[in-house]
Amino acid sequence: MSAKVRAWLENVGNAALMGWAIARVLPYPRQYLASALSQAYNMGIRSLPLVLIMAFLGGAVTSQQTGAQFTGGLPLWVIGSVLAASVLTELGPLLTAIVMMARVGAAIAAELASMKVTEQIDALYAMGRDPISFLVVPRVVAGLLVFPPLVILADFTGIAAGWGVGLLAVDGLTSADIIFGMRFYFRPWSLFFSVLKGGVFGLAITFIACYVGLQGTGGAEGVGRTTTTAVVATTLALMVLDVLMAPVLKAF
Amino acid sequence: MIEFKNLKKAFGDNVVLDGVDLLVNEGETLALLGPSGTGKSVLLKHAIGLLEADEGDVVVDGISISSATVEELKGVRRRLGYVFQNAALFDSLTVAENLCLAQDDENLTRGVSGCHQEAVDLLRRVNMPADVLDKMPSELSGGMRKRVGVARAIASQPRYLLWDEPTTGLDPVNADNIDELILELGRELGVTSIVVTHDLDTAFEVGDRIALLYEGRIRALGTPQEMLANTDPIVMRFVRRSSIAAA
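This section reports on the structure supplied with the text.

Check the secondary structure of chain B and you find 12 helices and 10 strands. Here the C-alpha radius of gyration of chain B, 18 Å, is about what a compact globule of 247 residues would show, namely 18 Å. Dimensions of chain B, computed from C-alpha atoms along their principal axes, come out at roughly 55 × 45 × 30 Å. Out of the 247 residues in chain B, the part that is buried amounts to 45%. Look at the contacts in chain B between residues 6 or more apart in sequence, and 65% of them connect residues 24 or more apart.

Shown next, in the form of structure tokens:
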């Protein structure tokens, strides 16, 4: 077995062990809830402006491009359907995840890697404290807490932006067209799917960032390398999860 | 009592510890000397289970570290205080929070305000004023960080203190202060200490016994006087520089 395959398998095994360690702490919220809420505030409130800006831009692009491509070929109300479908099932969760990966995931990986290389993680062990319950669980729980509301806000902003910009940029498009198109497409499951996807993405981002961060070695260069690894691994994981979750949309 | 039994550890092809046998007696301060990079800190980390031995074992109060359960290891760690080389203070927490985190679970659940007095007492013990409690570690000097690191290590009232290069990077005055602190804590708390250092002055100042780790094994072990009288050329070369200080 090549060294790379062995290293990959080791990582999978260690990540599974970390997952199990997290699961064992979860039934005891007293150990992590206060810290998780503080992390959630930092992750959620501070990321909100950027998430909303990204969602606004995503919605604005969607309605304009749909208008440009479909005008003359399909009825204009299709813009409403495409806008709702794109934002709810893809843009809302994914753009939120990209912002959170860049802003939160990278920060978690860098922070934990820095703690690792400066022996702060060892210090926790030395004090008989468990880094999983002290550092990892609060971050993972915070990710799960903040992602669904962020995605809902991103969905709302993206659709509103697409609606408004569509009215300005697409000739002949009316609010009645948008509303008809959205109602024609909309199923409540789409909204649940959007939130579910956000939760899964949130879990993936914080979990991978924590796992990679705790593997940090070396000095400042090592911290930089770890952060890059976390961002690359998370990007890949998000796209893979996106593909894997697509059939779930059809299931209901 | 801490006993290292035929401890072996390699990182890849680099054999760091090659069968270390060492017994640290109750109540003594053992200074572990050795050139930089010989595995002194690695040895220390085995005592607290931060590293896993390839072969051999460390036994603390009759508990084998290599086969200890999670709970046993946690118990051993609560009996050991570890003073890290660069203090390893949590840089996102204040001094008070650092000290509270090291206390027992009961104190921890009371939060920072609940363990304020304990934190003040700990700082007093390492000769630091209480006004640093609200400072972040980055606002402290190197010597102050070391002292807070010591205060944190003694917060759980350990029976053993493991000092990893306590005077490295300090100016002579601060290094003397830390030496004094090691002696003071030994006297007042009656703790057993292992002091890993390559600072000969510190080793001869604080050590009841001195061990020389060389090429992965204990090359020599004895009282400061015995080490000075040792005729092994490696030991002589190592301790000669300290003879004036010891005198």
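So, about helix α1 (residues 40–47) of chain B. With 8 of 8 residues buried, α1 of chain B lies mostly within the body of the structure. Within α1 of chain B the residues assigned to the buried category are Lys40, Ser41, Val42, Leu43, Leu44, Lys45, His46 and Ala47 of chain B.

With 9 residues of chain A at the interface, the matching set in chain B holds 12 residues. Within the side of chain A that touches chain B, the residues separate by chemical class into 4 nonpolar, 3 polar and 2 charged.

What follows concerns the nonpolar core. The biggest cluster of nonpolar side chains holds 143 residues, and the ones touching the most others in it are Leu32 and Leu162 of chain B. Aside from chain neighbours lying at most four places away, what touches Leu162 of chain B is Leu44, Ala47, Ile48, Leu80, Gly81, Tyr82, Val83 and Ile194 of chain B.

Residue and element names in this part refer to chain B. Most of strand β7 (residues 160–164) sits inside the fold, with 5 of its 5 residues counted as buried. Side chains Tyr160, Leu162 and Asp164 project from β7 onto one buried face, and the interleaved Leu161 and Trp163 project onto a second face that is buried too. Looking at chain direction, strand β6 (residues 80–83) and β7 are connected through 4 bridges and run parallel. Considered in β7, the bridge of Gly81 is made with Leu161. In this region the chain leaves β7, passes through helix α8 (residues 172–189) and returns to the parallel neighbour strand β8 (residues 192–196); the handedness of that crossover is right-handed.

Definitions and cut-offs
Residues numbered from 1 in each chain as written. Chains lettered and ligands numbered in written order. Predicted model: local features only at pLDDT ≥ 70, side-chain atom pairs only at ≥ 80, totals over all residues. Helix = DSSP H or I, 4+ residues; strand = E, 2+ residues; numbered from the N terminus. Rg over C-alpha atoms; globule rule 2.2 N^0.38 Å. Buried ≥ 20, exposed ≤ 12 C-beta atoms within 10 Å, placed from the backbone. Contact = placed C-beta atoms within 7 Å. Nonpolar A, V, L, I, M, F, W, Y, C, P; charged D, E, K, R; others polar. Core = buried A, V, L, I, M, F, W, Y, C linked by C-beta atoms within 7 Å. Pairing = 2+ DSSP bridges. Right-handed = clockwise from strand over helix to strand, strands pointing away.

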